[in-house]
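Here is what each chain is made of, one letter per residue.
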Amino acid sequence: MYLTYGKALESAIQEILKQPPYQIDDIAALAIEQPPKIEYGEFALPIAFELAKRLKKAPRKIAEELAAQLRAKNIEGFSTFEIAGAGYINCKLDRCTASRDIASGRAKRPVPKAASSGVNHIFNPFILVEHTSINPNKAAHIGHLRNAILGDTLVRMMRVGADGKTKNIVGVQNYIDNTGVQVADIVVALTHLEGMNLAGVQQWMESLRKRGERIDFVCWDLYARVSQWYEEDPAQKEARKKIRMDTLHALEQGGNEISGIAELVSTAIVHRHLETMERLGIQYDFLPRESEVLRLHFWDAAFALMKKTGVLYREEKGKNAGCWVMRRAGTAGATDDGPDEEAKIIVRSNKENPDADGPVTYVGKDIAYHLWKFNKLGLNFSQKNFYTYPNGHECDISCLPDEKDPSIGPSHFGKAEVIYNVIDSRQTDPQNNVIEALRGMGFAEEAKNYHHFSYEMVALTPRCAEELGYALSDEDKARPFIEVSGRKGFGVKADDLIDRMIEAALGEVTARHPELDDATRTNIATKIAVGALRYYMLRFTRNTIIAFDFKDALSFEGETGPYAQYAAVRAANIFRKAEQSNDPLLQNAQTLADEQYSKAMQHILGELSIEETILKAYSSSHWNVAPFFSGEEGDSIWEVWLAASKTAPIIDQAIRTTEPAFLAKYVFQLAQQFNNFYHRHHILTEADPARKALLLATAAVALRELTRALGWLGIEVPEVM
RNA sequence: GGGCGAGUAGCUCAAUCGGAUAGAGCACCGGCCUUCUAAGCCGGGGGUUGUGGGUUCGAUUCCCGCCUCGCCCA
């Protein structure tokens, strides 16, 4: 709603500027701000400052002239235009009209702009988001949580769309590198440290299952052990490195005992990762695997295409002689003086046979994979069901085609128009290489629609690391943070953190609601823990390194998810109580709402909730609420409405900038406004019916918007807290 | 050596396209539970926005130099 009024104001001022005496039509983006204080109004125009230069006139004088013209226009919903400071035009809304608009949820939606982001198209594109992508060789840790929560929140926001209503088609992928060196390491650990063969691994996994031990946790330690094993004995270092490489090659080759072990273990760990993420409400549609990228020869097709389009050339001289390389963006490239030493190697040289090609690099495989995403490769994965979520949603996994198996069919994912890859900022360089390669192959549109959704890592504070029992050097102790390392087994496992948070929340719930049964309390505690964790990972802007700290993460007070959940629960309590006491105002509201919202509609769309009833009634009511909106008291009520009207522009901003932290901040601010209001005004004991209606509608609008906004963040509102 | 990011209150972080008195939370101090839930509310102290220049009506924001830290590439 805030957006709608802003647009109306903007077009009004543009119209005035186009007329004499100004005749200005080259101000593309008109700045509209919010004044620092509510009593100054809802919008501020600093336009006079800009015009002062052109017109060589005092800004205040210009502002006065413009304000007079704005007043003459009688813009719907606006009441006054005043001059403040050196030349701001402060615009005030008519609070009665505006609040009824906000209550109705009626958006007089402006025509959507052609979006550069590719998200707002009238014909919605197929958007493919890829996130999580954990190596399937160990348990998920806090760094992976940030990735998955950011990715999932982006998906939730985009599925609904910037205007809060449009449904976009967004697919969610979780890429599984099941033939990489990290999986090879875990296989080495099992075969060489534990001395198991394929049958032994099968037995071992069966015994883990019986004991209820989590394989990803066991592998966490195993992975740390094998990483150490490679290094610990200088005499054995070369031999062990060879074991590692041989294992990796066998794994890439497939169809042998080593790859069989890898398949078993990595698949079980992928299952664990899905379960972990599901605890936070995160689900996937498709799991493309590296093994199929290899078996289906994606790279060969991409290699041919890259040669054909001249993106790759074989370097004859210098240190990269014998390699297929690609020029990096922003570098000079090869000159007469010599080879391009800065070029990115895509295919390594072959040490045994200089005329043949060596192994392809990771970026090379990634280029092939991204050609598939944009349907430019001419090859496709097959897929089969991998996991069915409790809500019935199915997650598929890549596989080889098999005509005899009717459950296997071609993947329908490799036809994205817009992609988002949620990958931490350390991968910026390789991501840019992929984009550059696409552009070089002539896929300019695809390169433009390729978004590296980058974010900084989650690290541990030195205090937290010591708390976890890691010995730190003096150098490390002096650092602001310490990087999480899977190879060192150094980090906080996702499941452990979630368990701790649920436990902490359960303690609070039990203290407050001893009358509830165990299952109910656990259910509520889980929602609170998820709210706290998701909010914690979203409250920081993307390029802020999170120095993880248990104290902050386990906090349920202040700027946290539970703070916002609590505000919503308190609002909901008002309506529960009102309903229980058969509040006469509710009866009145019901009648009014029924007039607005025919029985037939109710039949189709379901019963209105009590707060929706209030809002429906309020939006068309005869109650004279104008007196209650004035003065300082009125300001405190109006602030809730104003905050609640901003959901749509905030969502728009969060999608446009791919910055979920904006939405998180907004949720907190709205909750703060509501808590403030809640404390100041006692609603159910209000004697004046009109004022009571306004107060109820205020609580209702806060509840509605809090619930919506929390929903985008993947945070549910518990029944009680 | 090159590229990218960061430096804001004791701590952790915000700050829209360059706007009004740089905001929150935590921690600390002092108040508020007989009311719709105190996971809350109110009040208080706490700032040369790393540093030196520049651009202008106005700079945390843009430009240049320097310092410190992190990441990536070679």
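Residues numbered from 1 in each chain as written. Chains lettered and ligands numbered in written order. Predicted model: local features only at pLDDT ≥ 70, side-chain atom pairs only at ≥ 80, totals over all residues. Heavy atoms only, no water.

## Considerations on the overall build of chain A
Inference 1: If you tally the helices and strands in chain A, you get 28 helices and 18 strands.
Inference 2: In terms of C-alpha radius of gyration, chain A reaches 30 Å, essentially the compact-globule figure of 27 Å for 721 residues.
Inference 3: With the C-alpha coordinates of chain A rotated into their principal frame, the extents come out at 85 × 70 × 60 Å.
Inference 4: Taking all 721 residues of chain A together, the buried fraction comes to 53%.
Inference 5: Pairs at least 24 residues apart make up 73% of the contacts formed inside chain A by residues separated by at least 6 positions.
Inference 6: Chain A carries 84 positive and 97 negative side-chain charges, and their two centres are separated by 3 Å. (Helix = DSSP H or I, 4+ residues; strand = E, 2+ residues; numbered from the N terminus. Rg over C-alpha atoms; globule rule 2.2 N^0.38 Å. Buried < 20%, exposed > 50% of the residue type's maximum accessible area, 1.4 Å probe, protein only. Contact = heavy atoms within 4.5 Å. Lys, Arg positive; Asp, Glu negative; His and termini not counted. Charge placed at Lys NZ, Arg CZ, Asp CG, Glu CD.)

## Quick notes on the sheet that holds strand β10 (residues 357-360)
Whenever strands of a sheet pair, they do so through backbone hydrogen bonds, lying parallel or antiparallel.
Inference 1: Within the open sheet, the 4 strands sit side by side as β7-β8-β9-β10. Their pairing is antiparallel. Single-partner strands in this sheet number two, and they are β7 (313-314) and β10.
Inference 2: Of the pairings in the sheet, the one linking strand β8 (residues 324-326) to strand β9 (residues 344-349) comprises 3 bridges and is antiparallel in character. In the sheet register, W324 faces β9, and the bridge partner there is V347.
Inference 3: Lying on the sheet, helix α12 (residues 298-308) is in contact with β8, β9 and β10; it crosses β9 at an angle near 115°. (Pairing = 2+ DSSP bridges. Axes fitted to C-alpha atoms, helices over the stretch in contact; angles between N-to-C directions.)

## Some points on the domain arrangement of chain A
Inference 1: On domain assignment, one finds that chain A holds domain 1 (2-93) and domain 2 (493-721).
Inference 2: Distance between the C-alpha centres of domain 1 and domain 2: 34 Å.
Inference 3: Each partner contributes residues to the interface: domain 1 has 7 residues there, and domain 2 has 7 residues.
Inference 4: Between domain 1 and domain 2 lies a buried interface of about 730 Å² when both sides are counted; carbon and sulfur atoms form 71% of it.
Inference 5: Contact with domain 2 buries area across many residues of domain 1, yet Y2, L3 and I38 alone supply 67% of it, more than any other trio.
Inference 6: Linking domain 1 with domain 2 are 0 salt bridges, by the criterion used here.
Inference 7: Linking domain 1 with domain 2 are 3 residue pairs in polar contact (both at pLDDT 80 or more), by the criterion used here. (Domains from an automatic or database assignment. Buried area = accessible area lost by both parts, 1.4 Å probe. Salt bridge = Lys/Arg side-chain N within 4 Å of Asp/Glu carboxyl O. Polar contact = N/O pair within 3.5 Å; in protein donor to acceptor, adjacent residues only side chain to side chain.)

## Overview of the confidence of the model for chain A
Low pLDDT means the predicted coordinates in that region are not meant to be read closely.
Inference 1: Averaged over all residues, the pLDDT of chain A equals 90, while 93% of them reach at least 70.
Inference 2: Long-range and interchain partners of residues 107-123, a stretch whose pLDDT sits below 50, account for 27 contacts in this model, where long-range means more than four residues apart.
Inference 3: For this predicted complex, the interface score ipTM comes out at 0.97, while the overall pTM is 0.95. (pLDDT = per-residue confidence, 0-100.)

## Points about the pattern of salt bridges
Inference 1: In this structure the tally under the stated criterion is 51 salt bridges.
Inference 2: Close ionic contact of R289 with E292 constitutes a salt bridge, the shortest N to O distance being 3.1 Å.
Inference 3: In the salt-bridge network here, residues are joined through shared partners; they are R214, D216, R272, E275, R279, D495 and D499.

## A short note on the sheet that holds strand β16 (residues 458-460)
Inference 1: As summarised here, the arrangement of the 3 strands in space is β17-β16-β18, forming an open sheet in which the pairing is mixed. Both outer strands of the open sheet, β17 (482-483) and β18 (546-548), are each paired with one neighbouring strand and no more.
Inference 2: Direction of pairing for β16 relative to β17: antiparallel, over a ladder of 2 bridges. Following the sheet pairing, L460 is matched in β17 by I482.

## Here we look at the protein's contact with RNA strand B
Inference 1: Around RNA strand B, a shell composed of 54 residues is seen, among which Y88, K319, T541, Y566 and N573 lie nearest.
Inference 2: A share of 64% of the atoms of RNA strand B within 4 Å of the protein falls on sugar and phosphate groups.
Inference 3: H682 places a polar side-chain atom, nitrogen or oxygen, 3.0 Å from a sugar or linking oxygen of RNA strand B.
Inference 4: Of all elements in the fold, only β3 (88-93), α18 (494-512), α21 (561-580) and α27 (660-680) reach the threshold of two or more residues within the surface near RNA strand B.
Inference 5: Ranked by the residues each element gives to the surface near RNA strand B, the list is headed by α27, at 8 residues.
Inference 6: Here the residues of the surface near RNA strand B are counted per class, giving 25 nonpolar, 13 polar and 16 charged. (Near = heavy atom within 4 Å. Nonpolar A, V, L, I, M, F, W, Y, C, P; charged D, E, K, R; others polar.)

## Quick notes on the pairing of strand β12 (residues 394-399)
On any regular strand, side chains alternate: one points to one face of the sheet, the next to the other face.
Inference 1: Taking burial as the measure, the 6 residues of β12 include 5 buried ones, the bulk of the element.
Inference 2: As defined by bridge partners, strand β6 (residues 286-287) adjoins β12 across 2 bridges and the pair is classed as parallel. Bridge pairing in β12 links F286 to D396.
Inference 3: Note that strand β11 (residues 382-388) and β12 share 6 bridges and pair antiparallel.

## Examining α27
Inference 1: With 21 residues, α27 ought to run about 30 Å at 1.5 Å a step, and its terminal C-alpha atoms sit 31 Å apart, in line with that.
Inference 2: Of the positions making up α27, those classed as buried are P660, A661, L663, A664, Y666, V667, F668, L670, A671, F674, N675 and F677. (Expected span 1.5 Å × (residues − 1).)

## A look at the nonpolar core
Inference 1: I89, F548 and W641 are the most contacted members of the largest nonpolar core, which has 161 residues in total.
Inference 2: In terms of residues, this core owes the most to one element, helix α28 (residues 689-712), which gives 15 residues.
Inference 3: Of the residues that make up this core, three or more belong to each of domain 1 (2-93) and domain 2 (493-721). (Core = buried A, V, L, I, M, F, W, Y, C linked by side-chain atoms within 4.5 Å.)

## Quick word on the packing of aromatic side chains
Inference 1: For the structure shown, the criterion picks out 26 aromatic pairs.
Inference 2: Both rings, one in Y387 and one in Y389, keep their centres 5.0 Å apart while their planes meet at 90°; by these two values the pair is edge-to-face. Grouping residues by exposure puts Y387 and Y389 together as buried.
Inference 3: Sitting over the ring of F550, R500 keeps its end group 3.9 Å from the ring centre.
Inference 4: Sitting over the ring of Y2, K646 keeps its end group 4.8 Å from the ring centre. (Phe/Tyr/Trp six-rings, centres within 6.5 Å; stacked < 30°, edge-to-face > 60°. Lys NZ or Arg CZ within 6 Å of the ring centre and 35° of its normal.)

## Here's the deal with the packing of α27 against α28
Inference 1: Here α27 crosses α28 at 160°, and the two axes come no closer than 10 Å. Between α27 and α28, the angle is such that the two are roughly antiparallel. Crossing hand, α27 versus α28: left-handed. Here L663, Y666, V667, L670, A671, F674 and F677 of α27 lie close against α28, whose contacting residues are L695, T698, A699, A702, E705, L706, A709, L710 and W712. (Parallel < 35°, antiparallel > 145°, perpendicular 65-115°, else oblique. Left-handed = near helix turned anticlockwise from the far one by under 90°.)

## Some points on the side chain of D285
Inference 1: On the secondary structure map, D285 appears in the loop between α10 (257-278) and β6.
Inference 2: By relative accessible area, D285 is classed as buried at 12%.
Inference 3: Separated by 3.4 Å, the side chains of D285 and R159 make a polar contact.
Inference 4: A polar atom in the side chain of D285 sits 2.8 Å from the backbone nitrogen of V172.
Inference 5: Setting aside residues no more than four positions away along its own chain, D285 makes contact with R159, V170, G171, V172, H393, E394, C395, D396 and F413.

## Structural notes on the environment of Y563
Inference 1: Along the chain, Y563 falls in helix α21.
Inference 2: A sequence separation of 32 residues divides Y563 from G531, and the C-alpha atoms of the two residues are 9.3 Å apart.
Inference 3: For Y563, the residues in contact, after removing those within four places along its chain, are F556, G558, F668, A671, Q672 and N675.

## As for the packing of helix α6 (residues 181-193) against α10
Inference 1: Where α6 contacts α10, the two axes come as close as 10 Å, and the packing angle between them is 110°. Taken together, α6 and α10 sit at an angle that is classed as roughly perpendicular. Note on element contacts: α10 touches α6 through I258, I261, A262, V265 and S266, opposite V183, I186, V187, L190 and T191.
Inference 2: A class-by-class count of the residues in the contact of α6 with α10 yields 8 nonpolar, 2 polar and no charged.

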